[in-house]
Amino acid sequence: MTDPLFLLDAVADPLPSVGTLLELPGDEGRHAALVRRIRPGEVIMIGSGGGHGVRGVVVEVRGASLVVEVVGHLSSPSEPRCFVAAQALAKGDRSELAVEMMTEMGVSEIVPWQAARSIVRWSPDRAARSLAKWRSTAREAAKQSRRLHVPEVSEPVTTPQLAQRVASADCALLLHEEAKDLLAEVDLPAAGSVLIIIGPEGGIADDELSELTRAGARPVLISDGVLRTSTAGVVALAGLKLRRETGSAS
């Protein structure tokens, strides 16, 4: 089984040298020592969330923290493309489910989108709490999937702001049930950012569709049915990453 991963902001570049003793304190240390009950001799990974980390052997349990001897360095593989998901706000736990699954698939950034037909509205007093929940979900999903990179969850955007993101992306794909082009047939850039736009449960409004396509987004079809907003993004991301890994697109 893969060694468990914990996150510690203090683990940064340059990484602690091999042989260094490193303490895992705070909530992460408490979870490791008291919940996971990790003991001396076990091997764990500690990452910064920014793509780098260390592997270490636990040498001591200090109450609610661990002391680890660094035995090696870790880093996420360098990739020519990064995938960014603009996720429309959804009701209930649908948004968090989307964040969780896309993190597991290796998305680089998630942009909360206040779409016209989103039932959920992030008012100023609610936005901070909701954004913190998305970020916590991404962090925990990265740990669960043993990913050294925790995707950035950026500030929420309106449709005009999203159109600006479209214009600056190297490729922007808008998931739409009436699109003529299949996702599998779209050429991807050899390098750069690929923006995936996932609409709300009520669908993307006509004026939003026009605004985003004018900015450069390309509508694409990913299924012969209508997928929920919580699953559409991860299906698209999985298809794009599979094509990248097999080299079927350039």
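Scope of this entry: the structure provided in the associated data block. (Residues numbered from 1 in each chain as written. Predicted model: local features only at pLDDT ≥ 70, side-chain atom pairs only at ≥ 80, totals over all residues. Heavy atoms only, no water.)

Glancing now at the sheet that holds strand 1 (residues 5-7). Strand order in the open sheet formed by 5 strands is 1-3-4-5-2, with mixed pairing between adjacent strands. Two strands close off the open sheet at either side, each with one partner strand: strand 1 and strand 2 (21-24). Shown here is a sheet whose adjacent strand axes are inclined to one another by a mean of 45 degrees, direction ignored. This element, helix 1 (residues 26-35), spans strand 1, strand 2, strand 4 (52-61) and strand 5 (66-75) of the sheet and lies at about 150 degrees to strand 1. (Pairing = 2+ DSSP bridges. Helix = DSSP H or I, 4+ residues; strand = E, 2+ residues; numbered from the N terminus. Axes fitted to C-alpha atoms, helices over the stretch in contact; angles between N-to-C directions. Contact = heavy atoms within 4.5 Å.)

Taken in spatial order, the 6 strands of this open sheet run 8-7-6-10-9-11, and their pairing is parallel. Looking at strand neighbours, the two that pair on one side only are strand 8 (152-153) and strand 11 (218-220), the edges of this open sheet. Bridging between strand 6 (residues 81-88) and strand 10 (residues 192-198) involves 7 bridges; their strand directions are parallel. Of the residues in strand 10, the one forming a bridge with Val-84 is Leu-195. Sitting on the sheet, helix 4 (residues 159-168) touches strand 6, strand 7 (109-113), strand 9 (171-175) and strand 10, and the angle it makes with strand 10 is about 150 degrees.

Glancing now at the packing of helix 4 against helix 5 (residues 206-215). Close contact between helix 4 and helix 5 brings their axes to 8 Å; oriented N to C, the two are set at 25 degrees. One way to sum up the angle between helix 4 and helix 5 is to call them roughly parallel. Our pair here, helix 4 against helix 5, has a crossing hand that is right-handed. On helix 5, the residues that touch Thr-159, Pro-160, Leu-162, Ala-163, Val-166 and Ala-167 of helix 4 are Glu-208, Glu-211, Leu-212 and Ala-215. Along the lines of polarity and charge, the residues of the contact of helix 4 with helix 5 split into 7 nonpolar, 1 polar and 2 charged. (Parallel < 35°, antiparallel > 145°, perpendicular 65-115°, else oblique. Left-handed = near helix turned anticlockwise from the far one by under 90°. Nonpolar A, V, L, I, M, F, W, Y, C, P; charged D, E, K, R; others polar.)

Moving on: empty space enclosed by the protein. In the structure shown here, the tally under the stated rule is 1 cavity of 30 Å³ or more. Roughly 40 Å³ of volume is contained in the largest cavity. What lines the largest cavity is simply Leu-89, Ala-90, Lys-91, Arg-117, Ser-118, Ile-119, Val-120, Pro-200 and Glu-201. Classifying every residue of the lining of the largest cavity by side-chain character gives 5 nonpolar, 1 polar and 3 charged. (1 Å grid on protein atoms, 1.4 Å probe; cavity = no way out; pocket = protein on both sides within 12 Å on 5 of 7 lines; lining within 4 Å. Points joined across faces, edges and corners; volume = space filled by probe spheres on them.)

For any two helices packed against each other, the geometry comes down to the angle between their axes and how far apart the axes lie. Close contact between helix 2 (residues 94-104) and helix 3 (residues 124-144) brings their axes to 8 Å; oriented N to C, the two are set at 35 degrees. The chirality of how helix 2 crosses helix 3 is right-handed. Contacts between helix 2 and helix 3 involve Ser-95, Glu-96, Val-99, Glu-100, Thr-103 and Glu-104 on the former and, on the latter, Lys-133, Trp-134, Thr-137, Ala-138, Ala-141 and Ala-142. In the contact of helix 2 with helix 3, the residues fall into 5 nonpolar, 3 polar and 4 charged.

Mapped onto the fold, Ser-95 is located in helix 2. Assessed through its relative accessible area of 3%, Ser-95 is described here as buried. Within the structure, Ser-95 has its side chain in polar contact with the backbone nitrogen of Ala-90 (distance 2.8 Å). Excluding residues that lie within four positions of it along the chain, Ser-95 makes contacts with Ala-88, Leu-89, Ala-90 and Trp-134. (Buried < 20%, exposed > 50% of the residue type's maximum accessible area, 1.4 Å probe, protein only. Polar contact = N/O pair within 3.5 Å; in protein donor to acceptor, adjacent residues only side chain to side chain.)

Keep in mind that these numbers describe shape and distance, not what the molecule does.
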